[in-house]
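Spelled out, the chains give:
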Amino acid sequence: MSVSTAAADQTVCSPLPVLGSDVLVPLVTGGEVTYAALDYAASAPALQRVWDDVAAYAPYYGSVHRGAGYLSQLSTDLFENSRATVAEFLGCRESDQVVFTRSTTDSLNLLAAALPADCQVFVFETEHHASLLPWRNAQVNFLNAPRTPAQAVETLERALATRDPSPSSRLRSSRGGPIGPALVCVTGASNVTGELWPVKELAAAAHAHGARIVLDAAQLAPHHPLDIAELDVDWVAFSGHKLYAPFGSGVLAGRADWLQSAEPYLAGGGASRKVARRADGGVDVEWHTTAARHEAGSPNVIGVYAIASACKALTEAGFDSLVEREQQLVTKVLEGLSEVDAVRVLSLFGDDAPRVGVISFVVDGWNSSHFAAALSAEYGIGVRDGLFCAHPLVRTLLGSDPQDPGECGAPEAEPGERSLNAIRVSFGAGTPDEHVDRFIGAVKELVKDGAKWNYRTEDGRCVPAV
């Protein structure tokens, strides 16, 4: 069974069509302007292809794995075919499982719930909170921010080589002592700086020391081809809403053994194969060993299909060409910002480090929240300000006190003073050149002439003062 889908007729020499590209927003200075969505790192707009595919399927929507009717059977086929599409998009190995979740955060919390006993987790302080915080029931080793990719590998190797022994483990370290299970969690591309991490080298280091590795690909998957087998990572997690499919779905893909051995992430229908009452009044449950084990409840078939549609659209458009065009935009933004003396771009690995279309910066003498509010209110440009759910990393890059709240209402920074938070511009396959040009021009005008409006704090947000 199948549903007719939109044709992949986009060209790679121009941005992929996305929803919202013609939305007009009011300016405080009067009039309207087409909204420039430059906050892809938070949520990317839906590809028109994704929207069309979902709309084509919507009349055929039915229950998944739960009905004998035609629409239920069609929806079940669509759901499982979407799983195969995602597996192909990620370059999964034959034995890997693709589990559908709500988001990257949900995926990593699922994996955290599936960790074996005595598992140690190694995570850099540079991670997004989605990959920094889920490991509450494990022994967590937080690693300091590296300043080069090579230093990242060296830091991990040293931490793994000297990790605490596990008396209950049958595995032995190179020194002869017992070692238990270990998991390394690392991002593929920083949600703050956009910088690419040495994933393949980190995976090799993890495996050399008897550890496994999970890749947070929330910012990598929308911008760069992924291949689990080639990178040799054990799991990959990403979100649909950053992959141009904002319908509340995510993915955890990779090795099946820990997932099969763990208790279901959620208990309920769909995760269970057989349920029977016992003579003593209790209940016996036989759980699935497939991905369904962690997909209890009625699945988000719309969200899952949207992810599969986005995977197809990016693949068919030609990922290499999309990457090439995005790198041209990255270069344009970096060169434009470099022409403004008051602007400092944040970087962990150095100005020349490879990165995706995610760039954070501060402006000397400006509160970052006020600057972002002015970009929106006076130029119709949507960016993000703050600490980007990566507080330790941003504070390290800013050189600020880790206790600083970095809130919108913080005092104005004087020239030469450190900012308490940052501004992030992010873009991707749907970004027109004009939006990037407008952004660069707006930054230059604001720094040179100042804001045209006064701004104040309201409910934690910076807004034009009336």
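For the structure, see preceding data.
Keep in mind it's a predicted model, so treat the numbers as computed, not measured.

Asks: Before we go on, may I ask you to explain the pattern of salt bridges in this structure?
Replies: Pairing of side chains with opposite charge becomes possible as their charged atoms draw close. Inspection of every chain in the model, using the stated rule, returns 22 salt bridges. One salt bridge connects Arg 424 with Asp 39, and the closest N-O pair in it is separated by 3.5 Å. Placement of the pair is Arg 424 in strand E19 (residues 422–426) and Asp 39 in the loop between strand E3 (36–37) and helix H1 (48–57), with a sequence separation of 385 residues. Accessibility expressed as a relative area gives 1% for Arg 424, which makes it buried.

Asks: Looking at this structure, how should I read the packing of aromatic side chains?
Replies: When we look at a pair of aromatic rings, we describe it by the centre distance and by the angle of the planes. Applying the stated rule across the entire model yields twelve aromatic pairs. Between the aromatic rings of Tyr 40 and Tyr 244, the centroid separation amounts to 6.0 Å while the plane-to-plane angle is 75 degrees, which identifies the pairing as edge-to-face. In this pair, Tyr 40 is assigned in the loop between E3 and H1 and Tyr 244 in the loop between strand E11 (235–239) and strand E12 (250–254), connecting sequence segments 204 residues apart. What links up through ring pairs into an aromatic cluster is the set Phe 361, Trp 366, Phe 371 and Phe 439.

Asks: Any chance you could explain the sheet that holds strand E15 (residues 343–345) here in plain terms?
Replies: Adjacent strands of a sheet pair through backbone hydrogen bonds, lying either parallel or antiparallel. In space, the four strands of this open sheet follow the order E15-E16-E19-E18, with antiparallel pairing throughout. Among the strands making up the open sheet, the edge pair consists of E15 and strand E18 (384–386). The sheet shows a mean angle of 30 degrees between the axes of neighbouring strands, direction not considered.

Asks: For this particular structure, what's the right way to read helix H3 (residues 104–113)?
Replies: The α-helix advances 3.6 residues per turn, and as a result positions three or four apart in sequence lie on the same side. Taken across its ten residues, H3 has seven buried, putting it largely inside the fold. Taken as a whole, H3 has its buried residues at Thr 104, Asp 106, Ser 107, Leu 108, Leu 110, Leu 111 and Ala 112.

Asks: Where do I start with unusual backbone geometry in this structure?
Replies: Leave glycine aside and you will find that most residues have negative phi; peptide bonds, for their part, are mostly trans. Of note, Asp 118 is a non-glycine position whose phi angle comes to about 65 degrees, a positive value. Topologically, Asp 118 is positioned in the loop between H3 and strand E5 (120–124). Positioned with a positive phi, Cys 389 is a non-glycine residue whose angle comes to about 55 degrees. Secondary-structure assignment places Cys 389 in the loop between E18 and helix H12 (391–398).

Asks: Help me understand the sheet that holds strand E4 (residues 97–101) in this model?
Replies: The strand order E4-E12-E11-E10-E9-E5-E6 describes an open sheet built from seven strands, whose pairing is mixed. Sheet topology places E4 and strand E6 (139–143) at the edges, where each strand pairs with a single neighbour. Neighbouring strand axes in the sheet, compared pairwise and without regard to direction, differ in orientation by 20 degrees on average. Its contacts with the sheet put helix H2 (residues 70–90) on E4, E11 and E12, and the angle it makes with E4 is roughly 115 degrees.

What counts and how
Residues numbered from 1 in each chain as written. Predicted model: local features only at pLDDT ≥ 70, side-chain atom pairs only at ≥ 80, totals over all residues. Heavy atoms only, no water. Salt bridge = Lys/Arg side-chain N within 4 Å of Asp/Glu carboxyl O. Helix = DSSP H or I, 4+ residues; strand = E, 2+ residues; numbered from the N terminus. Buried < 20%, exposed > 50% of the residue type's maximum accessible area, 1.4 Å probe, protein only. Phe/Tyr/Trp six-rings, centres within 6.5 Å; stacked < 30°, edge-to-face > 60°. Pairing = 2+ DSSP bridges. Axes fitted to C-alpha atoms, helices over the stretch in contact; angles between N-to-C directions. Contact = heavy atoms within 4.5 Å.

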